[in-house]
Amino acid sequence: MADGFLSVAGAAKTFGAATVLDGVDLSMSRGEFISLLGPSGCGKTTLLRIVAGLMRPDQGKVALDGEDITRRPPHKRDVSVVFQSYALFPHLTVAENVAFGLKARGAPAAEIAPAVGRFLALVQMSAYADRSIKALSGGQQQRVAVARALVVGPKLLLLDEPFSALDRKLRETMQIDLKRLLREVGTTAIFVTHDQDEALTMSDRIAVMYKGRIEQLDTPAEIYRQPATPFALEFVGLSTRLPGKVTEAADGFVTVATESGPMRAKGNFLPGSPVLIGVRPERIVLDHSHVNRIEARLVDAAFQGARVQLHFQSPQGGQILVEAPALPAAAGPGTPLEMSWSVEDTLLYPASEAA
Amino acid sequence: MNSARRIDPVILLALPAVLYLAVVYGVPLIVLLGRSVMVGGMPSLSPFISFLSDPFSWTVIWNTVRIAVLVTLVCLFIGYPTALALARAGGVAQALILVAIILPLSVGVVVKAFAWQIVLRRDGVVSQFMTGLGLWSEPQRLLFTEAGLVIGAANVFVPFMILPIYSVLKLVDPRLGEAAATLGASPLYRFFKVALPLSLPGIVTGIAFVFSMAASMYVIPNLLIGDRFQTLATLTGRSFLFMRNEQLGSTTAVVLLVLTVAVVVGSAALSKRLGGAS
């Protein structure tokens, strides 16, 4: 997908001494839903604003549907935005808000009313057409904002943390509704969020952003299975992380000395290199059937319905996180338990960029 | 009926201001109003009838309204962009603009009017500038003309247009303009459909301020246009100070009062309606 529907190439932006965006490349295909996931200050909103045309990049190019739009003003881009604060026009009614974009583009009046009606129905807000914006709840405002952005038939829809002001229950409903709606309308969308669950639930692909760079751009499953960097490992999902030093390296495998003992992992490092070993909690089994073995004491167990989250502490002080279907029979606080995981499930990173 | 209505004790905090205004403003106003409708100790509307049946009076009223409207328009066209710039500017730039607007308020209006006398003279800066550019074939005097009066008065009153508009604009979410832009609205469309409607309450307040001050200004017309040109305010002053005709002075004062109160109350009602819609 070198020449995607949307392609951002080498986008960079600095504010004074702070580099907010450090040469970002992003390419997406038509109809795709990509999340920009990262902590606050990682540059995800800046990237969104550059794509929308609300901010000029210092360097780099933005192309949409085969046209270079780097210098095109926002109102000529066909890129709609749903803002975090929704930014609905307080002096207009719900229907007038939705009609705004069509009127601004000079659509004939005969087309505007049916289109507004159709999109208000899509977001289940038909009953509120003549209400004032102030009379709506947060979730309702969010729906109006989505309808207003979609009714103009944008090439690209950008969503800037649109659910962050909603409570958890409502947020989960809205996530499902929004994803279904976007599939129906067939819109290409970029979704900015700092909530990994939201990103994992909704996206075709996730771009994990950190310090103005995209650390990894891949499907949710692949990002979870094979995080490309220590940051991606830490930010997306839970993990156990053990620092160590390579002692042996041969045939694409290394042996790493950690505080909790020697570990085997796939990778090419020179002996002596500082590295970080990572493993996902559900990949650890509570016996010694695999190669990488540890013995640790149970510190805490958190019941989570279908699964139990077990927090262990190794005698050397390392924290180990295990997710198991049930609490092991022999387990009590302080009980030493055996655990192990396979070489395939052992993630290996250079330690210099350990997060 | 037991005491169904209780007075909110907080309202009592307004008491000092109410007492002060009652003594220094309310009482003289009542005396003035009373005098305007009393002839020889008997209540009568004849002063108003004779005032309004005199064509000269209508010239004076028209002068007052015309100059006030012109000054208000000039202030609006200069003030609105300034208020917009002030609301958009950040940090040092905003502070500098704000100082530039507020600091001149500390200069007395007499001083300003005298300064404009010098600027607007036949050999003043304006005349030299225009003839120098070749726009005027010979030096002209703007002093003692209506144009000169409007320019000078607008200079004095423009902060009272800028500040209310600015205070409304700065509360408008900048995301609204961005949202409009991403929906395909050109800058002009955004201004007329988003920024302007949302700032209307500020505009109405600014108009009320400037119109009422421009309609009742006394010192500025005296210094910039002179006696040949009478407004309700200058005529009121003349009646009391030079003609010793307290009857006429009371009448013109009341006409002026009714005129400005109508504009202020009308615009306040308009502002409330617009504010309610936003």
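Structure's up top.
Because the structure is a prediction, the values reported are computed rather than measured. Throughout, residues of each chain are indexed from 1 in the direction in which the sequence is written. Chains and ligands are labelled by the order in which they are written, letters from A for the one and numbers from 1 for the other. Local features in a predicted model are, by the rule used here, given only for residues with pLDDT of at least 70; side-chain atom pairs are given and counted only at 80 or more, and totals for whole chains, interfaces and linings are based on all residues. Hydrogen atoms and water are omitted, and side-chain values are computed over all heavy atoms in the structure.

Details of empty space enclosed by the protein
All names here are of chain A.
Working step 1: The definitions used throughout rest on a 1 Å grid laid over the protein atoms alone, on which a cavity is an enclosed set of points accommodating a 1.4 Å probe that cannot get out and a pocket is an open set flanked by protein within 12 Å on both sides along at least five of seven lines; lining residues are those having an atom within 4 Å of a point. Grid points are joined across faces, edges and corners, and a volume is the space filled by probe spheres set on the points. Applying the stated criterion across every chain yields a total of one cavity of 30 Å³ or more.
Working step 2: Of the pockets and cavities examined, the largest cavity occupies roughly 110 Å³.
Working step 3: Lining the largest cavity, in full, are Leu122, Val123, Gln124, Gln142, Arg143, Val146, Phe163, Met174, Asp177, Leu178, Arg180 and Leu181.
Working step 4: Breaking the lining of the largest cavity down by element, the ones donating at least two residues are α4 (138-150) and α5 (168-185).
Working step 5: Examining the composition of the lining of the largest cavity, we find that five residues originate from one element, α5, more than from any other.
Working step 6: In this classification, the charged set is Asp, Glu, Lys and Arg, the nonpolar set is Ala, Val, Leu, Ile, Met, Phe, Trp, Tyr, Cys and Pro, and all remaining amino acids, among them Gly, are polar. Here the lining of the largest cavity is composed, by residue class, of seven nonpolar, two polar and three charged. By the criteria applied, helices consist of DSSP H or I runs no shorter than four residues and strands consist of E runs no shorter than two, each listed in order from the N terminus.

A look at the sheet that holds strand β15 (residues 292-304) of chain A
Residue and element names in this part refer to chain A.
Working step 1: The criterion for strand pairing is that DSSP finds at least two bridges linking the strands in question. Taken in spatial order, the four strands line up as β17-β16-β15-β18 in an open sheet, and their pairing is antiparallel. In this open sheet, the two edge strands, each paired with only one partner strand, are β17 (319-324) and β18 (336-341). Going across the sheet, the axis of each strand differs from the next one's by a mean of 50 degrees, ignoring polarity.
Working step 2: Bridge analysis of β15 against strand β16 (residues 307-313) gives seven bridges, and the strand direction is antiparallel. The residue of β16 that forms the bridge with Ala302 is Gln309. Each axis is a line fitted through C-alpha atoms, taken for helices only over the stretch in contact, and angles between the N-to-C directions span 0 to 180 degrees.

Quick word on the side chain of Glu32 of chain A
Residue and element names in this part refer to chain A.
Working step 1: Within the secondary structure layout, Glu32 lies in the loop between β2 (18-28) and β3 (33-37).
Working step 2: When accessible area is computed with a 1.4 Å probe and restricted to protein chains, residues below 20% of their type maximum are described as buried, those above 50% as exposed, and intermediate ones as partly exposed. A relative accessible area of 8% means that Glu32 is categorised as buried.
Working step 3: Under the rule applied, a polar contact is a pair of N or O atoms within 3.5 Å (in protein, one hydrogen donor and one hydrogen acceptor; residues adjacent in sequence only if both atoms are side-chain atoms). Polar contacts involving the side chain of Glu32 include one to the main-chain amide nitrogen of Ser29, which spans 3.0 Å.

Observations concerning the pattern of salt bridges
Working step 1: When a carboxyl oxygen of Asp or Glu is within 4 Å of a side-chain nitrogen of Lys or Arg, the pair counts as a salt bridge. Within this structure, the stated rule accounts for 23 salt bridges over all chains.
Working step 2: With a closest N to O distance of 3.0 Å, Glu323 of chain A and Arg307 of chain A form a salt bridge. Within this pair, whereas Glu323 of chain A is found in strand β17, its partner Arg307 of chain A is found in strand β16, the two being separated by 16 residues in sequence.
Working step 3: We classify Glu323 of chain A as buried; its relative accessible area is 17%.
Working step 4: Residue Glu146 of chain B pairs with Arg66 of chain B through a salt bridge whose shortest N-O separation is 2.8 Å. Of this pair, Glu146 of chain B sits in helix α7 (residues 146-169) while Arg66 of chain B sits in helix α3 (residues 55-88); the two residues are 80 residues apart in sequence, bridging distant segments of the chain.
Working step 5: With a relative accessible area of 30%, Glu146 of chain B lands in the partly exposed category.
Working step 6: Looking at Arg66 of chain B, the relative accessible area reads 18%, which means it is buried.
Working step 7: Shared partners join several salt bridges into a network, and the residues in it are Arg30, Asp65, Glu67, Arg72 and Lys155 of chain A.

Considering the environment of Glu111 of chain A
Working step 1: Along the chain, the position of Glu111 of chain A falls in helix α3 (residues 109-122).
Working step 2: Glu111 of chain A sits 20 residues away from His91 of chain A along the chain, and the two C-alpha atoms are 23 Å apart.

Some remarks on the pairing of β16 of chain A
Residue and element names in this part refer to chain A.
Working step 1: Linking β15 to β16, which pair antiparallel, is a turn of two residues; within it Gly305 sits at a positive phi near 85 degrees.
Working step 2: When β16 meets β17, the two strands line up antiparallel, connected through six bridges. Bridge pairing in β17 places Val308 opposite Ala324.
Working step 3: Hairpin remark: β16 followed by β17, antiparallel, with five residues in the connecting loop; positive phi at Gly317, about 105 degrees.

Points about the layout of surface pockets
Residue and element names in this part refer to chain B.
Working step 1: Empty space within the largest pocket amounts to approximately 540 Å³.
Working step 2: Those elements that provide at least two residues to the lining of the largest pocket are α3, α8 (174-182) and α9 (187-216).
Working step 3: Tallied by class, residues from the lining of the largest pocket come to 13 nonpolar, one polar and five charged.
Working step 4: The volume enclosed by the second largest pocket comes to roughly 250 Å³.
Working step 5: For the lining of the second largest pocket, the residue count by class is 11 nonpolar, three polar and two charged.

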